[in-house]
Amino acid sequence: MEDILQLYARKLDPREPVVCLDERPVVLREDARPPLPMVAGKLTRTDYEYVRCGTANIFCIVEPLTGQRLTFASANRKARLFVRALQRIARRYRFARRIHLVVDNLNIHSLASVTQVLGEFEGRRLWRRFEVHYTPKHASWLNAAELEASLVSRECLGRQRISQLVDLISLVSSWRRAAESAHRVIAWKFRVDDARRVFRYAGLTTMRSEH
């Protein structure tokens, strides 16, 4: 935990950018019956019945300090597409000496996934571009990309029903360009001292309750 909090507290260094990555599953849906046209002066009646059209995924990728984003929609979150996400990050930060990557403990977030897709030589060459920082188990909230996922959910997806992957890709791409153009940064306020105070208090409270 402290490793990641210290990472967030670092000053901006273009040679060592801090990039956060997380995945958000999406259920593709379409209306079970055609929507009725709105009638002036009457409230819209919502039909909650829908038909599932499969699932998709959104790779949420953000550099918190600058607001640069590479968030994109994909068919799934398998190793091949995780590698594609890493390649996009590596191209964006091609002049970086080292890319600090914050991810959770999902099984695809590993060197094994990269070498499986690219082969031993190319996989290791790509993986060496990154210094990977894993969030502790049961503490994925430490990944700032979860905030990016929340923004995508509220501002991009909303309550609309999306039935086709191609439409999801287009929507997410448009949202990402707008968010990046606005330079919307993520100001992470929770620091190491805060964590030590909060969790020390929680630990003392637990000990007292046990006794």
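Shown above is the structure to which this text applies.
A brief report on the enclosed structure follows. Remember, it's a predicted structure, so these values are computed and weren't measured experimentally.

Some thoughts on a nonpolar patch on the surface
Residues Met-1, Trp-141, Val-198 and Phe-199 make up a contiguous nonpolar surface patch of about 340 Å² in total accessible area. In this structure, Phe-199 sits in helix α7 (residues 192-210). Note on Phe-199: relative accessible area 41%, which makes it partly exposed.

Side note on helix α2 (residues 79-92)
With 14 residues, α2 should reach 20 Å at 1.5 Å per residue; the first-to-last C-alpha distance of 20 Å fits that figure. What α2 keeps buried is the set Ala-79, Leu-81, Phe-82, Val-83, Ala-85, Leu-86, Ile-89 and Ala-90.

Some remarks on the pairing of strand β2 (residues 50-63)
Every regular strand shows the same layout, with side chains that alternate between the two sheet faces. Relative to strand β4 (residues 72-74), β2 is paired through 3 bridges, and the arrangement is antiparallel. Bridge pairing in β4 links Phe-59 to Phe-72. Sheet topology places β2 next to strand β3 (residues 68-69); 2 bridges connect them, and they run antiparallel. Bridge pairing links Glu-63 to Gln-68 in β3. Linking β2 back to β3 in an antiparallel pair, the connection comprises 4 residues, with Gly-67 at a positive phi of about 80°.

Details of the layout of surface pockets
Within this model, the second largest pocket holds a volume of roughly 200 Å³. Lining the second largest pocket we find 13 residues, and of these Phe-72, Ala-73, Ser-74, Arg-88 and Ile-169 sit closest to its centre. Of all the secondary structure elements, the ones that give two or more residues to the lining of the second largest pocket are β4, α2 and α6 (165-181). For the lining of the second largest pocket, the leading source of residues is α2, giving 4 residues. Classifying every residue of the lining of the second largest pocket gives 6 nonpolar, 3 polar and 4 charged.

Description of the pairing of strand β5 (residues 99-103)
Extensive coverage of β5 is indicated by the burial of 5 of its 5 residues. In β5, alternate side chains face the same way, and those of Ile-99, Leu-101 and Val-103 on one face and His-100 and Val-102 on the other are all buried. Summarising the sheet, β5 and strand β6 (residues 130-134) pair through 5 bridges and their orientation is parallel. Bridge assignment links His-100 to a residue of β6, and that residue is Glu-131.

Thresholds applied
- Residues numbered from 1 in each chain as written.
- Predicted model: local features only at pLDDT ≥ 70, side-chain atom pairs only at ≥ 80, totals over all residues.
- Heavy atoms only, no water.
- Patch = residues over 30% accessible without salt bridge, like charges linked within 9 Å, V, L, I, M, F, W, Y side chains within 5 Å.
- Areas by Shrake-Rupley, 256 points an atom, 1.4 Å probe, with all protein chains shown as cover.
- Salt bridge = Lys/Arg side-chain N within 4 Å of Asp/Glu carboxyl O.
- Helix = DSSP H or I, 4+ residues; strand = E, 2+ residues; numbered from the N terminus.
- Buried < 20%, exposed > 50% of the residue type's maximum accessible area, 1.4 Å probe, protein only.
- Expected span 1.5 Å × (residues − 1).
- Pairing = 2+ DSSP bridges.
- 1 Å grid on protein atoms, 1.4 Å probe; cavity = no way out; pocket = protein on both sides within 12 Å on 5 of 7 lines; lining within 4 Å.
- Points joined across faces, edges and corners; volume = space filled by probe spheres on them.
- Nonpolar A, V, L, I, M, F, W, Y, C, P; charged D, E, K, R; others polar.

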